[in-house]
Amino acid sequence: MKAWLVYSLARLGIFVVALVVLLVIGLPWYWAAIGGALIGLLVSYIALPGLRGDVTTTIAERRARPERDADSDFEDDFVDTADATDTDVTLRKHPDEA
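Not measured: the values here are computed from a predicted model.

1. What to know about helix 2 (residues 29-47)
- Between its terminal C-alpha atoms helix 2 stretches 25 Å, which fits the 27 Å expected from 19 residues at 1.5 Å a residue.
- The complete set of buried residues in helix 2 reads Ala-32, Gly-35, Gly-36, Gly-40 and Ser-44. One face of helix 2 carries all of its buried residues, which in axial projection span an arc of 155°. For helix 2, the exposed residues set more than 90 degrees away from the buried face come down to Leu-38, Leu-42, Tyr-45 and Ile-46.
- At its buried positions, helix 2 is contacted by helix 1 (3-25) and helix 3 (49-64).

Structure follows, in structure tokens:
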């Protein structure tokens with residue numbers, strides 16, 4: 001299963017348990033929801049560092065692989081050429097194009 005899904009379900013489970021406990025104690029629903037959210041945040045921060053690390057690793061790996069296409073390759077080559085020649089390169093239309 002994907003790391004983010006496991007982590008999200010674990011956090012949701014912690015929130016639900018905290019919410020139910022606070023409702024059983026006798027708090028109004030809105031205070032129980034706020035308390036459950038805070039308790040869920042704190043418990044998940046302390047109890048789930050491994051899952052959180054897996055999620056951040058997955059996100060970092062996805063961001064590290066940029067998607068390449070012909071346009072971005074052309075633009076990169078154009079900028080590299082302009083930097084290498086150190087001259088003012090401007091885009092001009094080809095004479096055949098009207």
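2. Quick notes on the confidence of the model for the chain
- In this model, the chain carries an average pLDDT of 83, and 79% of its residues clear a pLDDT of 70 or more.
- Ranking the elements of the chain by mean pLDDT puts helix 4 (residues 70-85) last, at 74, and helix 2 first, at 95.

3. As for the packing of helix 1 against helix 3
- Remark: helix 1 packs on helix 3, axes separated minimally by 8 Å, with the N-to-C direction vectors making an angle of 145°. In this structure, the crossing between helix 1 and helix 3 has a hand that is left-handed. Packed against helix 1, whose contacting residues are Ala-3, Trp-4, Val-6, Tyr-7 and Ala-10, the element helix 3 presents Leu-51, Arg-52, Asp-54, Val-55 and Thr-58 at the interface.
- Broken down by class, the residue content of the contact of helix 1 with helix 3 amounts to seven nonpolar, one polar and two charged.

4. Re the packing of aromatic side chains
- Scanning the entire structure with this criterion turns up two aromatic pairs.
- A centroid spacing of 5.9 Å and a plane angle of 50° characterise the contact between Tyr-30 and Trp-31, whose relative ring orientation is tilted.
- When its relative accessible area of 42% is taken as the criterion, Tyr-30 is described as partly exposed.
- Residue Trp-31 is classed as partly exposed on the basis of its relative accessible area of 48%.
- One aromatic cluster in this structure is built from Trp-29, Tyr-30 and Trp-31.

5. Notes on the nonpolar core
- One finds Ala-3, Tyr-7, Ile-14, Leu-48 and Val-55 forming the largest nonpolar core, which totals five residues.
- With three residues, helix 1 is the single largest residue contributor to this core.
- If sequence neighbours within four positions are ignored, Ile-14 has contacts with Gly-40, Val-43, Ser-44 and Leu-48.

6. Here we look at a nonpolar patch on the surface
- Among the surface-exposed residues, Val-17, Val-21, Leu-23, Ile-25, Leu-27, Trp-29, Tyr-30, Trp-31, Ile-34 and Leu-38 lie close enough to one another that they form a single nonpolar patch of about 1100 Å² accessible area.
- Taken together, the elements giving at least two residues each to the nonpolar patch come down to helix 1 and helix 2.
- A total of five residues in the nonpolar patch trace back to one element, the largest contributor, which is helix 2.
- Mapped onto the secondary structure, Val-21 falls in helix 1.

What counts, and where the lines are drawn
- Note that residues are indexed from 1 along each chain, following the sequence as it is written.
- Whole-chain, interface and lining totals are the exception, using all residues; otherwise, since this is a predicted model, local features are given only for residues with pLDDT of at least 70 and side-chain atom pairs are given and counted only at 80 or more.
- Side-chain metrics in this entry use all non-hydrogen atoms of the structure; hydrogen atoms and water are not considered.
- Helix numbers and strand numbers start at the N terminus; a helix is a DSSP run of H or I with at least 4 residues, a strand a run of E with at least 2.
- An expected span of 1.5 Å times one less than the residue number is assigned to each helix.
- Think of it in three bands: residues with accessible area under 20% of the maximum for their type are buried, residues over 50% are exposed, and the middle band is partly exposed, with areas taken using a 1.4 Å probe on protein chains only.
- The directions considered for the arc run from the helix axis to the C-beta atoms.
- Contacts were defined at the residue level, with two residues in contact if any of their heavy atoms lie within 4.5 Å.
- By definition, pLDDT measures how confident the predictor is in each residue, and it falls between 0 and 100.
- Helix axes use the C-alpha atoms of the stretch in contact, all axes being lines fitted to C-alpha atoms, and the angles between their N-to-C directions lie in the range 0 to 180 degrees.
- For any helix crossing, the convention is left-handed if the near helix is rotated counterclockwise from the far helix by under a right angle, and right-handed if that rotation is clockwise.
- Residues are grouped as follows: Ala, Val, Leu, Ile, Met, Phe, Trp, Tyr, Cys and Pro are nonpolar; Asp, Glu, Lys and Arg are charged; every other residue, Gly included, is polar.
- Paired rings are identified among Phe, Tyr and Trp, the last through its six-membered ring, by centres lying within 6.5 Å, and are further divided according to the angle between planes into stacked (under 30 degrees), edge-to-face (over 60) and tilted (the rest).
- Among buried residues, the Ala, Val, Leu, Ile, Met, Phe, Trp, Tyr and Cys ones that are joined through side-chain atoms within 4.5 Å form a nonpolar core.
- A patch consists of residues whose relative accessible area exceeds 30% and which take part in no salt bridge; residues with like charges are grouped when within 9 Å of each other, and nonpolar side chains (Val, Leu, Ile, Met, Phe, Trp, Tyr) when within 5 Å.
- The accessible surface values rely on the Shrake-Rupley method and a 1.4 Å probe; as for residues, cover is taken only from the protein chains in view.
- Note on definitions: salt bridges are taken to be side-chain nitrogens of Lys or Arg within 4 Å of carboxyl oxygens of Asp or Glu.

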